[in-house]
Amino acid sequence: MTHLTEHSLVQGGRSTAFATACVRGGVAAGLGVGALAVLVIAVWISSPFPDSGAGGALHVAAGLWLLAHGVDLVRTDTLSGLPAPLGVVPLLTAVLPVWLVFRTARSTLDPADTARSRPSPAGALGAVSGGYLLVAAVIVVYSESGPLPADLVTAGLWLPAVAVGAAGAGVWTALGRPLPGREETAAALRGAGTGLVTLLAGGAVLAGTALVWHAGAARASYEGLAGEWSGRVTLALLVLALLPNAAVWAAAYGLGPGFALGTGALATPLGLAGDPAVPPFPLLAALPPDGPGGWPQWAAAAVPLLAAVALGRSVGRSTGTGEARETALAALGAAWASGAAVAVLAGAAGGPLGSGRLLAFGPVWWQAGAAAVLWGVAAGLPTALAVRAWGRRVPRVKRSEAPKPPEARKAPEAASVPETQQQAKEPKQSKPPKQAKEPKPSKIPKPPKTPKAAKPPEGSRWRRRPKQPESALAAAVAAPEPADPLRLGYGLSLDPLDPLNPLNPLGPLDPLDSLDDEGYEPYDYLPASWETPEGRSATPAPHTEPPRPSGTTGAEGA
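My aim in this report is to walk through the structure given alongside it, one point at a time. Small disclaimer: the values here were computed from a predicted structure and weren't measured.

### Quick look at the overall build of the protein
In step 1: In terms of regular secondary structure, the protein is built from 19 helices and nine strands.
In step 2: Each of the 558 residues in the protein was classed as buried or not, and the buried ones make up 33%.
In step 3: Put simply, 70% of the contacts in the protein that link residues at least 6 apart link residues at least 24 apart.
In step 4: Looking at the protein as shown, the accessible area adds up to about 34,800 Å², and 65% of this sits on carbon and sulfur atoms.

### Considering a nonpolar patch on the surface
In step 1: A surface patch of nonpolar side chains, amounting to about 720 Å² of accessible area, comprises L39, L92, V95, W229, V233, L237, L240 and L243.
In step 2: Top contributing element to the nonpolar patch by residue count: helix α8 (residues 229–241), with four residues.
In step 3: Residue position: L243 is located in helix α9 (residues 243–255).
In step 4: Accessibility expressed as a relative area gives 37% for L243, which makes it partly exposed.

### Some points on the packing of helix α3 (residues 95–108) against helix α5 (residues 152–174)
In step 1: Where α3 meets α5, the closest approach of the two axes is 7 Å, and the angle between their N-to-C directions is 40 degrees. As the angle between them shows, α3 and α5 are arranged oblique. Like other packed secondary-structure pairs, α3 and α5 cross with a definite hand, here right-handed. Each of V98, V101, F102, A105 and R106 in α3 lies in contact with α5, whose residues at this interface are V162, A163, A166, A167, A169, G170, V171, T173 and A174.

### Concerning the environment of T327
In step 1: Turning to its location among the elements, T327 is positioned in helix α12 (residues 324–349).
In step 2: The residues touching T327, leaving out its near neighbours within four places in the chain, are V315, G316, T319, A384, L385 and R388.

Rules behind the numbers
Along each chain, residue indices are assigned from 1 in the same order as the chain's sequence is written. Residue-level local features of this predicted model are given only where pLDDT is at least 70; pairs of side-chain atoms are given and counted only at 80 or more, and the full residue set underlies all totals for whole chains, interfaces and linings. Side-chain figures throughout are based on the complete set of non-hydrogen atoms in the structure, without hydrogens or water. Only DSSP runs of H or I with at least four residues qualify as helices, and only runs of E with at least two residues qualify as strands; both kinds are numbered from the N terminus onward. For every residue, the accessible area obtained with a 1.4 Å probe (protein chains only) is divided by the maximum for its type, and the residue is called buried under 20%, exposed over 50%, and partly exposed between those limits. Every residue pair with non-hydrogen atoms within 4.5 Å of one another is taken to be in contact. Here the open area of atoms and residues is found with the Shrake-Rupley method and a 1.4 Å probe, where only the protein chains shown may cover a residue. To count toward a patch, a residue needs a relative accessible area over 30% and no salt bridge; like charges are then connected within 9 Å, while nonpolar side chains (Val, Leu, Ile, Met, Phe, Trp, Tyr) are connected within 5 Å. We define a salt bridge as a side-chain nitrogen of Lys or Arg found within 4 Å of a carboxyl oxygen belonging to Asp or Glu. What counts as an axis is a line fitted to C-alpha atoms, over the stretch in contact for a helix, and the angles between N-to-C directions run from 0 to 180 degrees. Angle categories: roughly parallel below 35 degrees, roughly antiparallel above 145, roughly perpendicular from 65 to 115, and oblique for all the rest. By convention, the crossing between two helices is left-handed when the near helix turns anticlockwise from the far helix through less than a right angle, and right-handed when the turn is clockwise.

What follows is the structure, encoded as structure tokens:
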């Protein structure tokens, strides 16, 4: 019993959520048509010569709302008496209805709202779209009694497509914008979006440049159509609503197929062919001139080229870690996706403006879509492969061979060389990096060097000191300074052979000075009595008293 109760509660909660989503969809449709009704009624009130009452203004608002969804309208009050279709959608007016459906579907599945039950994604899509289409059906029926009735065929085709597409985008956003699991599919969608945005931006630049170039003709057309200020405001609003259409037309012009200016007239970068049936309108004053095109018209081809390069760059960066085959498939998919989007926009931006020669006006949807695919394949595919190859390159680093340290190259020799010789060779090694020098303590100034003694003549009591080996000299330099036990002064020694001894006949010498001179040889000329005989120890003999005279021996004993 408890299980049945819980199940019934769950079913009741889902039914309530479904009904709420359906009502929210109807409210979104009502808000869209209400906003247009307020704008139309404001223009009607400000008009000095209104042709109809408030009912006629509401019928016009209903017709504009249906036209924003791609539904063709039929004009019955023509001069010839024949009905004339009107199918050019002001793309700016389509932004508000599409955004309202999108926002309603997204808020229905908002995960942050935990206070109420939510339907499933499919249930939310069906409920929001169903509620929206119910209100749209009422508006279609209402428009049949006005001056701009809706074409039932296009109403049954485009109204559900727009409602379901916008609601589906809202549900997809509420779920976190998930992309297909395959990497190339997601890369293709991203690349298609990048290429489409670049193409439309370039088309807007082209349209703006043409309007500035033909500013005089556009101004004359604007002033000729509207004399009163209310008419000028209305015409300015209509021009503003058709600016996105001008960007799509310019993009189709750059792609190559161009756009039709009536039956049998076509404007392309190669020139304007046929006899155009152009009604007076400010935006149409920026059309290219008659005759063959020149370099300003040919420069329009840079727009689809940049769009294809942007498409390929996006795909190449997204699939840089995969194989070249995956990158190529993703680029082809992006080209086809962008071509489909361009075809839809071209079909919405163009259409009939009347009967007769005005039945074909604007870009041909299938031609513009096919041209976008060709540009994507011709320029986007090589760009994607090039970007992938560039991203997978391995930068080459110039390796500089570091010099081997002397210890590593002369390791076998170092083992057999005495420690004293290794210390003597240390100054020849590479110098370490210089560091900040610490302040040195004050030193006693060196005494002046005495000149070397001249070579003594033969037979004199002076003889040359034998040459000492370099190892002994290096050991003497590296040895620490001897202590000064008798406190005779800093750096003084009692050794008569020590160069630092002030009693040395050669004068106090600095052993480091001899190392600075490469030609110096450690030879001295010292008295023979000061030299230590070979084979005898340099250690002084113990002190013994000198022998006394023989005459004193007896006295000492006595």
